[in-house]
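Architecture at a glance
Spelled out, the chains give:
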Amino acid sequence: MQREYQLKYEIVNDLGEWEEFTNLVIGDTEINIGEIEGIGSESLGIDSLKRYATFTVHNDINSNKTVQPTLLWNPFQISRRARIKVRTAKSTIPYIISEKGGNKNYIFLKNIKKIEAIDILSIDDEIDILTPSEASLILENTSQNNEGTYLYFNRIIKNYETVSFSIVINSSELDIDRIEIEGQNRDTYFVPNIDPDTVEILGYYKYSWYPWAKGYFEQLYFSDTYGIEYLYFPKEDDPINFPYSIESTTFQNGGVTFKFNTIIPEKQRLVIALTFNHKEDVVIFDGYISSFESIGYHEVTYNCQDLSWSLDVMAINKTYPKGMKFWEVIKQILIDNNQIQFEFIYNPLDTATLTNDYKVEEQTIWQAIQKVSIAKGWALHFRYDRNKNKQVLVFENITNVSYVTYQLNRYDIIGDFNFRGDFSSVRNVVSVIYKDSSTGRDEKIEIKDDNSISLYRKNRLTLGKDVTKDIITTNEMALNLAQQALNDLKDPKVYYTIKTSLMPKLKLNDELWYLHPNISEVPLHLRAYSIVHTLSVNEKGGLECYTSILGSGKITYKVNRWLGQDTNIADNKDIIIIK
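Let me begin by describing the structure that accompanies this report. (Residues numbered from 1 in each chain as written. Predicted model: local features only at pLDDT ≥ 70, side-chain atom pairs only at ≥ 80, totals over all residues. Heavy atoms only, no water.)

**Some details on the overall build of the protein chain**
When its secondary structure is counted, the protein chain shows 6 helices and 34 strands. The contacts of the protein chain with a sequence gap of at least 6 include a subset with a gap of at least 24, amounting to 75%. Accessible area for the protein chain stands at about 27000 Å²; split by element, carbon and sulfur atoms hold 48% of it. (Helix = DSSP H or I, 4+ residues; strand = E, 2+ residues; numbered from the N terminus. Contact = heavy atoms within 4.5 Å. Areas by Shrake-Rupley, 256 points an atom, 1.4 Å probe, with all protein chains shown as cover.)

**With respect to the nonpolar core**
Membership of the largest hydrophobic core comes to 48 residues, with the highest contact counts inside it found for Phe-21 and Leu-512. Looking at this core element by element, the count peaks at 6 residues for strand β33 (residues 524-537). Setting aside chain neighbours within four positions, we find Phe-21 in contact with Tyr-9, Glu-10, Ile-11, Phe-55, Val-57 and Phe-76. Within the second largest apolar cluster, 29 residues are counted, among which are Tyr-288, Leu-311, Leu-334 and Ile-369. (Core = buried A, V, L, I, M, F, W, Y, C linked by side-chain atoms within 4.5 Å. Buried < 20%, exposed > 50% of the residue type's maximum accessible area, 1.4 Å probe, protein only.)

**Brief notes about the side chain of Ser-536**
Summarising the element assignment, Ser-536 is placed in strand β33. In this structure the side chain of Ser-536 is engaged in a polar contact, spanning 2.6 Å, whose partner is the side chain of Asp-28. Not counting residues up to four positions away in its chain, the partners in contact with Ser-536 are Gly-27, Asp-28, Gly-542, Leu-543 and Glu-544. (Polar contact = N/O pair within 3.5 Å; in protein donor to acceptor, adjacent residues only side chain to side chain.)

**Remarks on the packing of aromatic side chains**
Counting across every chain of the model gives 27 aromatic pairs. Within the aromatic cluster, the residues linked to one another by ring pairs are Tyr-9, Phe-21, Phe-55, Phe-76, Phe-292 and Tyr-302. A cation sits over an aromatic face here: Arg-81 above Tyr-288, 5.8 Å from the ring centre. (Phe/Tyr/Trp six-rings, centres within 6.5 Å; stacked < 30°, edge-to-face > 60°. Lys NZ or Arg CZ within 6 Å of the ring centre and 35° of its normal.)

**A word on unusual backbone geometry**
Phi at Ser-79 takes a positive value of approximately 85 degrees, unusual for a residue other than glycine. Along the chain, the position of Ser-79 falls in the loop between β4 (52-58) and β5 (81-100). A relative accessible area of 37% means that Ser-79 is categorised as partly exposed. Phi is positive for Asn-185, close to 60 degrees, though the residue is something other than glycine. The topology assignment puts Asn-185 in the loop between β12 (177-182) and β13 (186-192).

**Section: the packing of helix α1 (residues 326-336) against helix α2 (residues 365-376)**
At a closest axis distance of 10 Å, the pairing of α1 and α2 adopts a crossing angle of 175 degrees. Viewed along their axes, α1 and α2 adopt a mutual orientation that is roughly antiparallel. Every residue of α2 that contacts α1 at Phe-326, Val-329, Ile-330, Ile-333 and Leu-334 is listed here: Ile-365, Ala-368, Ile-369, Val-372, Ala-375 and Lys-376. For the contact of α1 with α2, the residue count by class is 10 nonpolar, no polar and 1 charged. (Axes fitted to C-alpha atoms, helices over the stretch in contact; angles between N-to-C directions. Parallel < 35°, antiparallel > 145°, perpendicular 65-115°, else oblique. Nonpolar A, V, L, I, M, F, W, Y, C, P; charged D, E, K, R; others polar.)

**Points about the pattern of salt bridges**
Inspection of the entire model under this criterion finds 22 salt bridges. A salt bridge links Lys-50 to Asp-312, with the nearest nitrogen and oxygen atoms 2.9 Å apart. Taken together, the residues Lys-50 in the loop between β3 (25-35) and β4 and Asp-312 in the loop between β20 (299-306) and β21 (318-320) connect sequence positions 262 residues apart. In this structure Asp-312 comes out as partly exposed when scored by relative accessible area, which is 30%. Glu-396 is the partner of Arg-383 in a salt bridge, and the nearest nitrogen-oxygen pair spans 3.3 Å. One end of the pair, Arg-383, is in strand β24 (residues 379-385); the other, Glu-396, is in strand β25 (residues 390-396), with 13 residues separating them in the sequence. Relative accessible area serves as the criterion here: at 25%, Arg-383 is assigned to the partly exposed category. Residue class for Glu-396 comes out buried when judged on its relative accessible area of 14%. Taken together, the shared-partner salt bridges connect Glu-10, Arg-83 and Lys-85 into one network. (Salt bridge = Lys/Arg side-chain N within 4 Å of Asp/Glu carboxyl O.)

**Observations regarding α2**
Taking 1.5 Å per residue as the helical rise, α2 with its 12 residues ought to reach 16 Å, and the 18 Å between its terminal C-alpha atoms agrees with that figure. For α2, the complete set of buried residues consists of Ile-365, Trp-366, Ala-368, Ile-369, Gln-370, Val-372, Ser-373, Ile-374, Ala-375 and Lys-376. (Expected span 1.5 Å × (residues − 1).)

**Some words on the pairing of β4**
Alignment of β3 against β4, held across 5 bridges, turns out to be antiparallel. The residue of β4 that forms the bridge with Asn-32 is Tyr-52. Pairing between β4 and β20: 7 bridges, direction antiparallel. Across the sheet, the residue bridging to Thr-54 is Asn-303, located in β20. (Pairing = 2+ DSSP bridges.)

**Focus on the sheet that holds strand β9 (residues 139-145)**
An order of β6-β10-β9 is seen for the 3 strands of this open sheet, with the pairing classed as antiparallel. With partners counted over all chains shown, the strands left at the sheet margins are β6 (104-110) and β9, one partner each. In this sheet, neighbouring strand axes are inclined to one another by 25 degrees on average, regardless of whether the strands run parallel or antiparallel. Relative to strand β10 (residues 148-157), β6 is paired through 6 bridges, and the arrangement is antiparallel. By the bridge assignment, Leu-109 is partnered in β10 with Thr-149.

**Considerations on the sheet that holds strand β22 (residues 343-345)**
Consider a sheet: its strands pair through backbone hydrogen bonds, and that pairing is either parallel or antiparallel. Ordered by their spatial adjacency, 3 strands build an open sheet running β22-β25-β24, and the pairing between neighbours is mixed. Each edge of the open sheet carries a strand with a single partner, namely β22 and β24. Taken pair by pair, the neighbouring strands of this sheet meet at an average axis angle of 30 degrees, ignoring direction. Across 7 bridges, the pairing between β24 and β25 is antiparallel. Of the residues in β25, the one forming a bridge with Asp-385 is Lys-390. On top of the sheet, α2 reaches β24 and β25; it is set at about 110 degrees to β24, its chief contact.

Structure follows, in structure tokens:
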């Protein structure tokens with residue numbers, strides 16, 4: 001894949017307007033999106049989901065413009081709002097495709113669209129492999145519809161002739177807006193609140209789960225296969241034989257109705273790209289200047305923090321009573337502290353409530369609302385909302401939101417693919433203690449994985465009555481609980497570190513699907529724990545943009561949640577319990 005970018009740096013000037021300063025930026029800009037490895041446990045830091053950016057600017061000699069923050073009239077002051085935008089100027093993917101003739105003067109390439117360049121490589125007539133001139137074959141015209149592209153030739157292509165093409169298509173695979181449509185055994189679906197100019201299927205995935213408990217363990221866990229929550233099938237791997245296509249789209253009621261060529265079964269999801277005729281900037285960072293460091297007179301490095309900077313001030317002391325919903329507590333803390341300048345996005349249907357009073361005392365507003373979020377195991381963070389064209393504060397179940405899956409090919413990786421193992425979270429003997437509803441007696445079951453024990457030594461997890469009370473009441477439920485824990489914990493965590501070309505819309509917990517034949521025979525499923533974007537301007541003005549990702553094959557929340565419920569360490573826990 002070949003990609004080119006355009007950047008725009010802006011700061012709020014003395015008039016309260018956004019003013020561009022891209023021409024003043026030099027060196028490397030680093031944007032840290034945050035990290036979620038500790039989510040679901042008490043090790044998740046209060047500041048883990050803050051975004052930070054660092055950039056360096058220099059004086060513009062030609063316009064006699066200085067960047068020194070010590071000059072009061074200069075816009076580069078602490079607390080000034082700054083943002084960074086990026087757009088993909090060019091993104092292309094090459095293909096080699098072979099198609100048999102059908103005694104017609106055209107060939108249809110299913111799911112191949114937005115062709116930038118195409119060449120005929122060869123024609124195989126089952127006797128010889130001929131060049132286009134030897135076979136007297138000329139491509140005269142092309143036309144595109146929703147399902148692919150027609151190629152028209154100067155003559156009829158016989159049934160026994162196979163034509164091979166080199167094709168380059170325009171692609172924004174790594175930085176487009178996406179939605180996911182959950183299969184419900186029908187072929188027509190309505191998606192609200194979207195207004196794309198064009199749509200395209202990127203791929204689909206299959207998955208499976210079974211519900212097995214309530215309360216603490218209301219999550220729907222996916223497949224019990226380590227490292228694979230679902231199987232993803234990207235269209236670009238085999239566009240000709242891809243099973244799904246969009247037959248029609250209807251724009252109505254503030255959204256889009258999709259009609260597909262066939263029904264989408266349950267436990268399958270389609271990944272749909274939303275594209276726009278006009279080039280769009282992606283706001284990759286938006287926040288406040290929090291500190292600076294001057295390098296001589298000519299250069300200054302600025303450190304910025306996202307809109308959470310405005311919440312790093314002391315909150316009023318107040319107690320919020322039990323029975324309030326988690327989102328109600330967060331919203332009320334913001335209102336009590338007059339922090340209503342940004343929109344708070346939450347799910348009003350979420351009914352989880354506090355079972356204890358929550359006391360805010362001698363802590364910042366950010367600390368106060370983050371402790372509520374962490375107690376629930378959810379994420380509370382700022383992000384750019386394209387539809388609203390502004391930053392919003394989002395309270396969401398980051399482990400259960402619609403996953404966005406990106407396929408990475410070997411040519412997308414910059415440098416080496418690094419990985420390491422960690423045995424600290426392995427548990428291969430699981431005990432469950434529960435009160436049996438039919439006998440009224442306390443019972444205990446235990447299961448183990450002998451292969452894991454032989455490889456990584458014996459290590460236990462005990463889920464006692466403090467965990468199972470009123471939730472696990474039968475032997476079958478206890479076995480299901482133990483088996484799920486064992487499936488998630490019997491293998492070590494494997495961490496991956498990769499660097500790719502810039503992925504400005506990649507979010508924490510998104511999944512990367514990567515196959516390297518020298519590492520694994522099956523695709524690796526890398527879930528993004530931490531993301532860092534680097535925008536580099538060299539001395540000649542050249543631009544390099546890339547994204548560094550640290551992740552693992554498991555949803556870290558699952559592992560942390562099991563380990564946090566171990567009865568052997570329960571006495572050390574101090575959390576707000578979810579009803």
